[in-house]
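Descriptive analysis of the structure
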Amino acid sequence: MRYWLMKSEPDEFSIDDLERAPGRTAAWFGVRNYQARNFMRDAMHLGDLAFFYHSGCAQPGIAGICRVARGAYPDATQFDAASLYFDPQATLERPRWLNVDVQLVRRTPWVSLVELRRHPELADMRLLARGNRLSITPVEPAQWDFITRRLMGLD
DNA sequence: GCCAACGTTGGC
DNA sequence: GCCAACGTTGGC
């Protein structure tokens, strides 16, 4: 099993939205970056755990934990001409973009970006790399344990 | 609103 | 294949 960090702008889709979704499960749609898509396609598996990270807001940071509830499948919004995420080059036969489904496991004590940066144990987190903009990044098991145990106080 | 950093596009 | 121009991300 692998660990991930998935960014979402709370104005677009927040942890509250996921909590309110049927079965606390929703499609992680709208990823339009090949590297992030390939992570979903090639490396994400059912049951993987991910931090739900709020970006592009006043208080960027981790707000909860979710689980991959369905492996990668075509993102419906690429076919929807009315969607912000419409891609005229995508076809049903040859979809370009994928998404997974995620289910909320739990809200967690909030861990800010500033807090994450304070800890040398997390210095190698992909999220914190200079210039990183990837919306889906891997998290090492040791980093996951440090954040969940030491910073969130979870078992 | 600013701007650094990155990804994509398209002319050549 | 190169690379300049442009668009986007996302923290501040």
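Look a little higher up for the structure.
Structure report, in brief. (Residues numbered from 1 in each chain as written. Chains lettered and ligands numbered in written order. Predicted model: local features only at pLDDT ≥ 70, side-chain atom pairs only at ≥ 80, totals over all residues. Heavy atoms only, no water.)

The environment of DNA strand B is formed by Y34, Q35, R130, G131 and R133. Here, DNA strand B places atoms within 4 Å of the protein, and 74% of those atoms are sugar or phosphate. R133 places a polar side-chain atom, nitrogen or oxygen, 2.6 Å from a base oxygen of DNA strand B. Classifying every residue of the surface near DNA strand B gives one nonpolar, two polar and two charged. (Near = heavy atom within 4 Å. Polar contact = N/O pair within 3.5 Å; in protein donor to acceptor, adjacent residues only side chain to side chain. Nonpolar A, V, L, I, M, F, W, Y, C, P; charged D, E, K, R; others polar.)

The next point concerns the nonpolar core. One broad trend across soluble globular proteins is that nonpolar side chains are buried collectively. Judged by nonpolar contacts, the single largest core of 24 residues is most densely connected at M6, L18, W28, M44, V100 and I136. Looking at this core, the elements with two or more residues in it are β1 (3-8), α1 (15-20), α2 (34-43), β3 (49-54), β4 (61-74) and β5 (98-112). Residue contributions to this core peak at four residues, all from α2. Dropping the residues within four chain positions of it, I136 is found in contact with W4, L5, M6, W28, V31, A36, F39, M40 and M44. Membership of the second largest hydrophobic core comes to 20 residues, among which are Y53, M125, W144 and F146. (Core = buried A, V, L, I, M, F, W, Y, C linked by side-chain atoms within 4.5 Å. Buried < 20%, exposed > 50% of the residue type's maximum accessible area, 1.4 Å probe, protein only. Helix = DSSP H or I, 4+ residues; strand = E, 2+ residues; numbered from the N terminus. Contact = heavy atoms within 4.5 Å.)

What the largest pocket holds in volume is close to 510 Å³. Considering the residues around the largest pocket, the lining is formed by 19 residues, among which K7, S8, G30, Y85 and S135 are closest to the centre. Grouping the constituent residues of the lining of the largest pocket by class yields eight nonpolar, six polar and five charged. Residue lining of the second largest pocket: L49, I65, R106, W144, D145, T148, R149, L154 and D155, and that is the complete set. Class assignment of the residues belonging to the lining of the second largest pocket gives a composition of four nonpolar, one polar and four charged. (1 Å grid on protein atoms, 1.4 Å probe; cavity = no way out; pocket = protein on both sides within 12 Å on 5 of 7 lines; lining within 4 Å. Points joined across faces, edges and corners; volume = space filled by probe spheres on them.)

Take the environment of A76 next. Relative to the helices and strands, A76 is located in the loop between β4 and β5. Residue A76 is classed as exposed on the basis of its relative accessible area of 54%. Between the C-alpha atoms of A76 and E115, which are 39 residues apart in sequence, the distance is 36 Å.

This part is about the protein's contact with DNA strand C. Near DNA strand C, the surroundings consist of K7, Y53, S55, G56, P60, L113 and R133. Near the protein, meaning within 4 Å, the atoms of DNA strand C are sugar or phosphate in a fraction of 78%, with bases accounting for the rest. At 2.9 Å from a phosphate oxygen of DNA strand C is found a side-chain nitrogen or oxygen belonging to Y53. Within the side chain of R133, one N or O atom sits 2.5 Å away from a base oxygen of DNA strand C. Split into classes, the residues belonging to the surface near DNA strand C amount to three nonpolar, two polar and two charged.

The next thing to look at is the pattern of salt bridges. Under the definition given, this model contains eight salt bridges. A salt bridge links R118 to E115; the nearest nitrogen and oxygen atoms lie 3.0 Å apart. With R118 and E115 both in helix α3 (residues 113-118) and three residues apart, this pair spans about one turn of that helix. Accessibility expressed as a relative area gives 24% for E115, which makes it partly exposed. (Salt bridge = Lys/Arg side-chain N within 4 Å of Asp/Glu carboxyl O.)

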